[in-house]
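Geometric and topological summary
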Amino acid sequence: MKRTHYCGELTIKNKGENVLLNGWVQRSRDLGNLYFIQLRDREGIVQLVIDPERCNEQTMQLFSDIKREYVLEVKGEVVPRNENINPDMKTGEIEVLVDDIKILNKAKLPPFHIEDNLNVSENLRLKYRYLDLRRPFMNKIMRTRYKLIDTIRNFMRGKEFIEIETPFLIKSTPEGARDFVVPSRMHQGKFYALPQSPQLFKQLLMVSGFDKYFQIARCFRDEDARADRQTDFTQLDLEMSFVEQDDVLTLTEQLFKVLFKEMKGIDIKTPFDRLTYDQSMDMYGSDKPERRYGMTLTDLTEIFKDCGFKVFSSAASGGGVVRAIVLKGKAEECTRKKITEYEEIAKKNGAKGLAWLRFTEGEINGGIAKFIKDKEDALKETLSLEDGDVVFFGADEREKASNALGAVRVHLIREFELIEDKDFFDMVWITDYPLFEKDEETGSYIAKHHLFSMPTSDTIQYLEKEPEKVYGILYDLVINGSEIASGSIRVHNPELQKKIMKTIGMDDEEIDQKFGFLLDAFEYGAPPHGGIAPGIDRLLMIMEGMDNLKDVIAFPKTNNQMCLLTGAPDELSSEQLEEIGIDIVKSEK
RNA sequence: GGGCCCGUGGUGUAGCCUGGUUAACACGUCGGCCUGUCACGCCGAAGAUCGCGAGUUCGAAUCUCGUCGGGUCCGCCA
């Protein structure tokens, strides 16, 4: 390494020094018989000057060959720019007067400019990801990502956790998401799965007595991606023995306090607010509530029990609910066309429709107003209606009505840009999740989270007869309406674990076949334990104010699970297929 | 699996609804000129059979159908 400095590091303090730089050509300018080159490396850009009074003929000649993104080695002297200072450049006070230039490598013309304000399709960025990452902005994000992970490791070390790696090639177990599957050459016809999370191994580590474990863990889920969901992603996976819910939450709060301080210089308030799942659903119609704006759901079930509007009265008196949100002061902007759009959102989220009305000139009108005139005063008072308000109703079973209104609520908050302080981070714990839910199609119970969460002591009694009434010691950390971490206190008693598995319809044989190893382990003195797993990609995304996970991952995949850079996934040769004993059967369309 | 949106020189867009001669604009690229530029400037040039296939038509970037790729949302997923 002959380099003496990074381009972006040079300042007026280096005045007079002879330096050797390595970097890429950002752009060059030819002024006739005086040339400038902007040379870029990971620390920034510095201006090179090629002056005929300083350089020999050969170097001057070389300039005409140099194009964007050529890789150079440059010798020269740092000189002050005097009257030509560029205040917009970090190194703008100086420039490097070139003595000698060597072209280390040529570069094809890149498909897009290596600069931050680029306007190019994500497609192209992903195909040429190595060039995209060369941009200062992406470069910075990757470094921020490393700093985040480094800060996490420091914190965990300070709390006496130890980092243990768990295998990637594991047994496929039914846990929720589809497993990625890897064929085995040594055992033809058998398959490994890639971990959806290190869940079972970290529990086994607790049985082993490690007490406090963590891992920066890659997780794989063969499900459709989203803007905030990648096929493979990274979690801080942690688990502790002999703890209760509060221990995990407190530790997580301490961690996040340190992370936001170190990364953003922000002091976040601890302890975080807590809502139970039911509270969050009732207030926000979501288990990941966006709380940076009000517009909470109001329950109107009592009011509409005996009203003449059948949609409401039948829901209200038939065990369901009537709930409403109020969009303050937007009656004029809320056109019929928009309301139709909102109704679509409600329907998408399980509602049959979206009842609405406006409050103008002191009375309710439009939408369903004429059907519920008799309840006008009660509505006015309960919802504190003012002129210009728009009210949206959901009338259905409790969960359905809330869900649909919650979706409309989030849409309205975004559409009308109701969040004022965009730099504020709202942190809230959502606790006490239902452990099971009924599959609407089959009528059987399925685990809402995963199978290993401990039921709460006051609902465990319903396990056999009314599983939907069982809540788990489960907790999610939600930041700005986005689920960032998820965890629980685990079951450590083999009998209880078996009971839970049977609740979702597994029989003894299946339990033994899939989870026998875990239940065996629990027979040998499993400590009470619990943990949590914050998503590193999502956390970084939120911290950096980005809205797509791809931008915080070095080599992300498309929504189709494709790597546009390498072309994965791809076919295997017939030799490879034969070796692992796999025949490809083309499905007929 | 489904809904919606997108695909036009190297890049980003316009044109498409309402089919019609040389597909327009910006940036970039190439050539020439220029000794203080920094989004250098000036002059000039090249570069797209409009994702692919079929159909309708005298004629398709434009209309229809199919297909491929991408985005986003729902389903799915913690």
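Before reading further, recall that the structure is shown in the block above.
So, here's what we can say about the structure. Since we're looking at a predicted model, the values are computed, not measured. (Residues numbered from 1 in each chain as written. Chains lettered and ligands numbered in written order. Predicted model: local features only at pLDDT ≥ 70, side-chain atom pairs only at ≥ 80, totals over all residues. Heavy atoms only, no water.)

Some thoughts on the overall build of chain A
Quick reminder of the rule: Strands here are runs of E lasting at least two residues and helices are runs of H or I lasting at least four, both read from the DSSP assignment and numbered beginning at the N terminus. Any residue under 20% of the maximum accessible area for its type is buried, any over 50% is exposed, and the rest in between are partly exposed; the area is computed with a 1.4 Å probe on protein chains only. Contacts between residues were defined by any pair of non-hydrogen atoms, one from each residue, lying within 4.5 Å. Per-residue and other accessible areas follow the Shrake-Rupley method at a 1.4 Å probe size, with only the shown protein chains counted as cover for residues.
Summing up its helical and strand segments, chain A has 16 helices and 22 strands in all. Seen along its three principal axes, the alpha-carbon backbone of chain A occupies a region of about 95 × 75 × 55 Å. For chain A, the residues scored as buried account for 48% of the 589 residues in total. Nonlocal contacts in chain A, meaning residues at least 24 apart in sequence, comprise 68% of its contacts between residues at least 6 apart. Of the accessible surface of chain A, which amounts to about 30400 Å², a share of 47% is contributed by carbon and sulfur atoms.

A few points about a positive patch on the surface
Heads up, the condition is: Note on patches: the residues involved have over 30% relative accessible area and no salt bridge, like charges join within 9 Å, and the nonpolar side chains Val, Leu, Ile, Met, Phe, Trp and Tyr join within 5 Å. Salt bridge, as applied in this entry: a Lys or Arg side-chain nitrogen positioned within 4 Å of an Asp or Glu carboxyl oxygen. When charges are counted, neither His nor the chain ends are considered; positive counts come from Lys and Arg and negative counts from Asp and Glu. By convention, charge coordinates are those of NZ in Lys, CZ in Arg, CG in Asp, or CD in Glu.
A surface patch of like charges, here positive, comprises R226, R229, K288 and R414. In this structure, K288 sits in the loop between helix 7 (277-284) and strand 12 (298-299).

Examining the protein's contact with RNA strand B
The line we're drawing: Note on definitions. A residue lies near a molecule or strand when any single heavy atom of the residue is within 4 Å of it. Following the grouping adopted for this structure description, the nonpolar residues are Ala, Val, Leu, Ile, Met, Phe, Trp, Tyr, Cys and Pro, the charged ones are Asp, Glu, Lys and Arg, and the polar ones are all others, Gly among them.
Near RNA strand B lie 49 residues; those nearest to it are R29, D30, E223, H449 and N560. Each atom of RNA strand B within 4 Å of the protein was classed as base or backbone; sugar and phosphate made up 55%. Listing elements by their share of the surface near RNA strand B, those giving two or more residues are strand 1 (18-30), helix 2 (122-127) and strand 21 (482-489). Its residues assigned to classes, the surface near RNA strand B comprises 13 nonpolar, 17 polar and 19 charged.

Description of a negative patch on the surface
Together, E495, D507, E509, E510, D512, D520 and E523 make up a region of like negative charge exposed at the surface. A total of four residues in the negative patch trace back to one element, the largest contributor, which is helix 14 (residues 508-522). Looking at the element boundaries, D512 is found in helix 14.

Quick look at a nonpolar patch on the surface
Taken together, the side chains of F168, L169 and Y192 make up a nonpolar region of the molecular surface, amounting to roughly 270 Å² of accessible area. Residue L169 is classed as partly exposed on the basis of its relative accessible area, which comes to 43%.

Looking at the sheet that holds strand 16 (residues 389-396)
Quick note on the threshold: Strands are treated as partners if at least two bridges between them are detected by DSSP. Only C-alpha atoms enter the line fits that serve as axes; for helices the fit covers just the stretch in contact. Angles between N-to-C directions range over 0 to 180 degrees.
Here five strands make up an open sheet; going across it, the order is 12-13-16-14-15 and the pairing antiparallel. Where the open sheet ends on each side, the last strands, each with one partner, are strand 12 and strand 15 (363-365). The sheet contact formed by strand 14 (residues 355-360) and strand 16 spans five bridges and is antiparallel. Its bridge partner being in strand 16, W356 is matched across the sheet by F392. Where helix 9 (residues 310-317) meets the sheet, its contacts fall on strand 13 (321-327), strand 14 and strand 16, and the angle it forms with strand 16 comes to roughly 50 degrees. Helix 10 (residues 336-348) contacts strand 14 and strand 16 of the sheet and is inclined by roughly 145 degrees relative to strand 14.

A word on the packing of aromatic side chains
Let me state the cut-off plainly: Each Phe, Tyr or Trp ring (for Trp, its six-membered ring) is paired with any other whose centre lies within 6.5 Å, and the angle between the two planes then decides the class: stacked below 30 degrees, edge-to-face above 60, tilted in between.
This structure, assessed with the given rule, holds 15 aromatic pairs. With a centroid separation of 5.2 Å and 10 degrees between ring planes, the pair formed by F309 and F371 is classed as stacked. One end of the pair, F309, is in the loop between helix 8 (301-304) and helix 9; the other, F371, is in the loop between strand 15 and helix 11 (376-382), and 62 residues separate them in sequence. Seen in terms of ring centroids, Y342 and F392 are 5.8 Å apart; in terms of plane orientation they differ by 85 degrees. Their pairing is edge-to-face. Residue Y342 is located in helix 10, and its partner F392 is located in strand 16; the two are separated by 50 residues in the primary sequence.

A short note on the sheet that holds strand 5 (residues 94-105)
The five strands lie next to each other as 1-2-3-5-4, forming a closed barrel whose pairing is mixed. Pairwise comparison of adjacent strand axes, ignoring direction, gives a mean angle of 55 degrees for this sheet. Relative to strand 5, strand 3 (residues 44-50) runs parallel, the two sharing two bridges. Each bridged residue has a counterpart across the sheet, and for V49 the counterpart in strand 5 is L97.

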